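Commentary on secondary and tertiary structure
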Amino acid sequence: MSTVKVASRFNGPPGMGNGGYSAGLLAAHVAPSPEFNAVSVRLRKPVPLDREMVVRDGQLLDGDAVIASAEPAVLDLDVPAAPTHDEARKAAAKVPWREKHPFPTCFGCGPGREDGIAALLGPLDGRPEWAGVWRPTDVLPHDGAHVLPEIVWAALDCPSAQPVAPDGGPAFVLGTFVAQVEQPVELGVDHLLIAWELGRDGRKAYSASAIIGPHGVCGRARAVWVSIG
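Let me begin by describing the structure that accompanies this report. (Residues numbered from 1 in each chain as written. Predicted model: local features only at pLDDT ≥ 70, side-chain atom pairs only at ≥ 80, totals over all residues. Heavy atoms only, no water.)

1. Focus: helix H2 (residues 85-93)
Of the positions making up H2, those classed as buried are Ala88, Ala91 and Ala92. Down the axis of H2, the sector holding all buried residues measures 95 degrees, keeping them to one side. Along H2, the residues that are exposed and aim more than 90 degrees away from the buried face are Asp86, Lys90 and Ala93. In this structure, the buried residues of H2 make contact with strand S6 (122-123), strand S7 (130-134) and strand S9 (191-201). (Buried < 20%, exposed > 50% of the residue type's maximum accessible area, 1.4 Å probe, protein only. Helix = DSSP H or I, 4+ residues; strand = E, 2+ residues; numbered from the N terminus. Arc of directions from axis to C-beta. Contact = heavy atoms within 4.5 Å.)

Have a look at this one:
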């Protein structure tokens, strides 16, 4: 049995943990297996902040309440061709979330968070994907050379929300997240963030995202978003 605590710094919507960061912390407790290349995390309730929770049998428990559950998974997801860094910067410059953000203090994509990831993307010209450029700094949790895996999960999470709510609303929260971390994400190096919508079904929206570094894809993910607007 292990414990997990999501510090208040790592919030998503006000008063609750960032979905990708929280999922990444739980995913670290799933034993790797050669049959699987990813971990699937289902967020069942808002993740409380600054509270010690128990991890048992793949579940994140707050007392008797199941906050989230995780299991090994297979992620079969092709990543689109990478745009140039200039194309990604041009796309990000017109992102509407800078002014119409549903959760402006979010650790992952809040535009005013100097201690966060600030993953803000915009639509690429002539393409369905959204893109931006991310240069991780040592203000983020790191091992001296790379950001920690849960930061990679957070950087995959927030970008995938933006194509499904292009004008900032209605607000969506993360339901299920399947992610594969393939390479470490280096500090002080530009990485491309790309995301694209996969479809909708009622209040649910489906999307995908990827982080591309100098040596190829660092991580990819598929998300299920649930509208709360």
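2. Observations regarding the layout of surface pockets
Estimated volume of the largest pocket: approximately 410 Å³. Taken together, 30 residues form the lining of the largest pocket, with Pro13, Phe172, Val173, Leu174 and Trp225 sitting closest to its centre. Mapped by element, the contributors of at least two residues to the lining of the largest pocket are helix H3 (149-161), strand S8 (172-181) and strand S11 (216-227). Element by element, the count of residues in the lining of the largest pocket is highest for S8, at four residues. Among the residues making up the lining of the largest pocket, the classes are represented as 20 nonpolar, seven polar and three charged. (1 Å grid on protein atoms, 1.4 Å probe; cavity = no way out; pocket = protein on both sides within 12 Å on 5 of 7 lines; lining within 4 Å. Points joined across faces, edges and corners; volume = space filled by probe spheres on them. Nonpolar A, V, L, I, M, F, W, Y, C, P; charged D, E, K, R; others polar.)

3. So, the pattern of salt bridges
A side chain with one charge may pair with a side chain of the opposite charge, provided their charged atoms come close. Evaluation of the coordinates by the stated rule reveals 11 salt bridges. A salt bridge links Arg89 to Asp86; its shortest N-O distance comes to 3.8 Å. Here the residue Arg89 and the residue Asp86 both occupy positions in helix H2, the gap between them amounting to three residues, near one helical turn. Overall, Arg89 belongs to the partly exposed group, its relative accessible area being 40%. Overall, the relative accessible area of 60% leaves Asp86 in the exposed class. Between Asp125 and Lys90 there is a salt bridge whose closest N-O contact spans 3.1 Å. Taken together, the positions of Asp125 in the loop between S6 and S7 and Lys90 in helix H2 put the pair 35 residues apart, joining distant regions of the chain. On the basis of relative accessible area, Asp125 is assigned to the partly exposed category, the value being 47%. Each of Asp86, Arg89, Arg135 and Asp190 takes part in one network of salt bridges that share partners. (Salt bridge = Lys/Arg side-chain N within 4 Å of Asp/Glu carboxyl O.)

4. Points about helix H1 (residues 19-27)
Of all nine residues making up H1, nine are buried, and the element is well covered by its neighbours. Along H1, the residues classified as buried are Gly19, Gly20, Tyr21, Ser22, Ala23, Gly24, Leu25, Leu26 and Ala27. The N-capping residue of H1, defined by a side-chain oxygen 3.1 Å from the backbone nitrogen of Gly20, is Asn18. (Polar contact = N/O pair within 3.5 Å; in protein donor to acceptor, adjacent residues only side chain to side chain.)

5. A few points about the sheet that holds S11
With respect to topology, 11 strands assemble into an open sheet ordered S1-S3-S4-S5-S2-S8-S11-S10-S9-S7-S6, the strand pairing being antiparallel. Here the strands that pair on one side only, and so sit at the sheet edges, are strand S1 (2-4) and S6. Note: strand S3 (residues 53-56) against strand S4 (residues 59-62), three bridges, orientation antiparallel. Bridging across to S4, Val54 finds its partner in Leu61. Strands in contact with H1 are S1, strand S2 (38-43), S3, S4, strand S5 (65-73) and S8; relative to S2, the strand with the most contacts, it is inclined by about 125 degrees. On top of the sheet, H2 reaches S6, S7 and S9; it is set at about 105 degrees to S7, its chief contact. (Pairing = 2+ DSSP bridges. Axes fitted to C-alpha atoms, helices over the stretch in contact; angles between N-to-C directions.)

6. Some words on the packing of H1 against H3
In the contact formed by H1 and H3, the axes pass within 7 Å of each other and the chain directions differ by 145 degrees. Taken as a pair, H1 and H3 cross one another with a handedness that is right-handed. Residues Gly19, Gly20, Tyr21, Ala23, Gly24, Leu25 and Ala27 of H1 pack against Glu150, Ile151, Trp153, Ala154 and Asp157 of H3. (Left-handed = near helix turned anticlockwise from the far one by under 90°.)

7. Quick look at the side chain of Asp157
Along the chain, Asp157 turns up in helix H3. For Asp157, the contacting residues outside a window of four places in its chain are Asn18, Gly19, Gly20, Leu174, Phe177 and Trp225.

8. Some points on the nonpolar core
One finds Val41, Ile117, Trp134, Ile151 and Ile211 to be the most contacted residues of the largest nonpolar core, which totals 53 residues. Among the elements that line this core, the one with the most residues is H3, at seven residues. Setting aside residues up to four positions removed in sequence, Ile211 forms contacts with Trp134, Val152, Ala155, Leu156, Val185, His191, Leu192, Leu193, Gly216, Val217, Cys218 and Gly219. Membership of the second largest hydrophobic core comes to 16 residues, among which are Leu77, Ala88, Trp196 and Val217. (Core = buried A, V, L, I, M, F, W, Y, C linked by side-chain atoms within 4.5 Å.)

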